[in-house]
Amino acid sequence: MQTYLIIADDFTGANDTGLQLVRRSVKVRVQIGRPGLLPPSYSLVLDTESRNLSPQRAREAVQASLLDMDMASFSVVMKKIDSTLRGNIVEEVREVAKRMQASIIVVATAFPDMGRICRDSVVYVHDKPLRETEHGKDPLKPVTEDNLSNLFSPFNRVVHLSVDTIRARSWPMLRDGVVVCDSTTNEDLNLIAGWALSLNRKVLFVGSAGLGEALVNQHYPSKPILGLVASLSEVTRRQVLYAQNRGISTVSVSVCDLLVQKGIHSYAERVRLLLSQNKDVLLIASSVLEPSEYKASIETGRGLGLSESQVGNAVRLALSTIAKEVMETHELGGLFLTGGDTAFGILELLKISEVEIKGEVLLGLPLLEVVGSKYASLKLVTKAGAFGGDDAIAYALRVLREL
């Protein structure tokens, strides 16, 4: 059983990071100030309530909180910091690292789901450098440094890893020091966490809730989700783009290829490859993102003697055929289906005739469970094409991951 010690500097931050553990069924207690008794196998989120203290008092608060703590009894130690760099970050990280005798400090502050990323060591909020946001212009306590390499320069050695380096898995050989990691997607954070956990060193992790989720993903991996998207609505287009910007993989299938049954197996192989890397995948008709593709499909359909409605049915059937082929070799955590015809098409192909409504993911997005058939207990989320906010698809995939 992996257990986690997360040291936060405020109560809300403690809770949102602890929530990442609970989503994987890790038992968590949040304690404020000095730690108390903890039931066996529980993880601890310790709130030192030190964010708004002076640097000296913040150091003292962390020292007092950790005085009697057996930090070695936890599998993973993380210093939770604010993703917009508020608080006494350097002072508190130094105290925690000293107390646990950490040799390597891995810093990854990104929280992509909230629009907070790190690129070239600089923290961005919704694509704007942190110092140019409201956090850098706060009249009482503005953030004056948004470059993490500069922020951690008081430490003896600071190494910066770019996104390209991380995705290439070109990890440095280190004995000690601070490693500042860029990250723009959840997958980047997962790569960082996997690498750092594999080191034969005492590692202190420094980051926000995004890093907390990545760490628990390494110990409690979930099955990937497959989404089928053929809706032509502008709402769905925005939702797919939002999901892509959050690092969710997409395989766009040419609607003309679908009509003539061209390359079906190669598209299925592309999906399989991504699923084998434990990535969620949206399998989309190319017309979802490119309206010109729809016009091209209508022209191709005419050449085949198909009406506009028959073209739509043929596209959905072919898309479902790819999904069925994939599901014959890969076990999924769930299916996301947008558009009533798309949903019915795949269920008919899979010979699923009964589902049970288990709840609601978002307003109007039901969570279903298959009853009977070889796919019994498979979880589904369905969405009408022109329904939901920009984050609806990304959020639905996340909920399915957590079941």
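Just so it is clear, the model here is predicted, and its values are computed rather than measured.

Procedures and definitions
In this numbering scheme, every chain counts its residues from 1 along its sequence in written order. Per-residue local features of the predicted model are confined to residues with pLDDT of at least 70, and side-chain atom pairs are confined, for both listing and counting, to 80 or more; whole-chain, interface and lining totals are unaffected and use all residues. Values shown for side chains rest on all heavy atoms present in the structure; no hydrogens or waters enter the calculation. Here the aromatic set is Phe, Tyr and Trp, taking the six-membered ring for Trp, and pairing holds for ring centres within 6.5 Å; pairs whose planes are under 30 degrees apart are stacked, those over 60 apart are edge-to-face, and all others are tilted. Only runs of H or I of at least four residues qualify as helices and only runs of E of at least two qualify as strands under DSSP, and these elements are numbered from the N terminus. Whether a residue is buried, partly exposed or exposed follows from its accessible area with a 1.4 Å probe, protein chains only, as a fraction of its type maximum: under 20%, in between, or over 50%, in that order. The angle between two axes is taken between their N-to-C directions and runs from 0 to 180 degrees, where each axis is a line fitted to C-alpha atoms and a helix contributes only its stretch in contact. For this classification, under 35 degrees means roughly parallel, over 145 means roughly antiparallel, 65 to 115 means roughly perpendicular, and everything else is oblique. Two helices cross in a left-handed way if the nearer one is turned anticlockwise from the farther one by less than a right angle. They cross in a right-handed way if the turn is clockwise. Contacts between residues were defined by any pair of non-hydrogen atoms, one from each residue, lying within 4.5 Å. All amino acids are sorted into three groups, where Ala, Val, Leu, Ile, Met, Phe, Trp, Tyr, Cys and Pro are nonpolar, Asp, Glu, Lys and Arg are charged, and the leftover types, Gly among them, are polar. Think of a nonpolar core as a cluster: buried Ala, Val, Leu, Ile, Met, Phe, Trp, Tyr and Cys residues, connected wherever their side-chain atoms sit within 4.5 Å.

Undergrad: Would you mind going over the packing of aromatic side chains in detail, with residue names and values included?
TA: Counting across every chain of the model gives 2 aromatic pairs. On the numbers, 4.8 Å between centres and 5° between planes, the contact of Trp 171 with Trp 195 is stacked. Of the two residues, Trp 171 sits in the loop between helix H5 (163-167) and strand S10 (177-181) while Trp 195 sits in helix H6 (residues 186-197), which places them 24 residues apart along the sequence. Residue classification places Trp 171 among the partly exposed positions, given a relative accessible area of 22%.

Undergrad: I'd love a proper account of the packing of helix H10 (residues 264-276) against helix H12 (residues 308-327), names of residues and values included.
TA: Remark: H10 packs on H12, axes separated minimally by 9 Å, with the N-to-C direction vectors making an angle of 50°. Taken together, the axes of H10 and H12 lie oblique to each other. Here H10 runs over H12; the crossing is right-handed. Here H10 contributes Ile 264, His 265, Tyr 267, Ala 268, Val 271, Arg 272 and Leu 275 to the contact with H12, which in turn contributes Ala 318, Ile 322, Glu 325 and Val 326. Here the contact of H10 with H12 is composed, by residue class, of 8 nonpolar, 1 polar and 2 charged.

Undergrad: Help me get a handle on the nonpolar core, residues and values and all.
TA: Nonpolar side chains in soluble globular proteins tend to end up buried together. Within the largest apolar cluster, 60 residues are counted, with the highest numbers of intra-cluster contacts made by Leu 226 and Leu 335. Among the elements that make up this core, the one with the highest residue count is H12 (8 residues). Excluding its chain neighbours within four sequence positions, the residues that come into contact with Leu 226 are Val 271, Val 281, Leu 283, Ala 323, Leu 332, Gly 334, Leu 335 and Phe 336. Core analysis: the next-biggest nonpolar cluster, separate from the first, contains 33 residues, Leu 46, Leu 85, Ile 105 and Val 178 among them.

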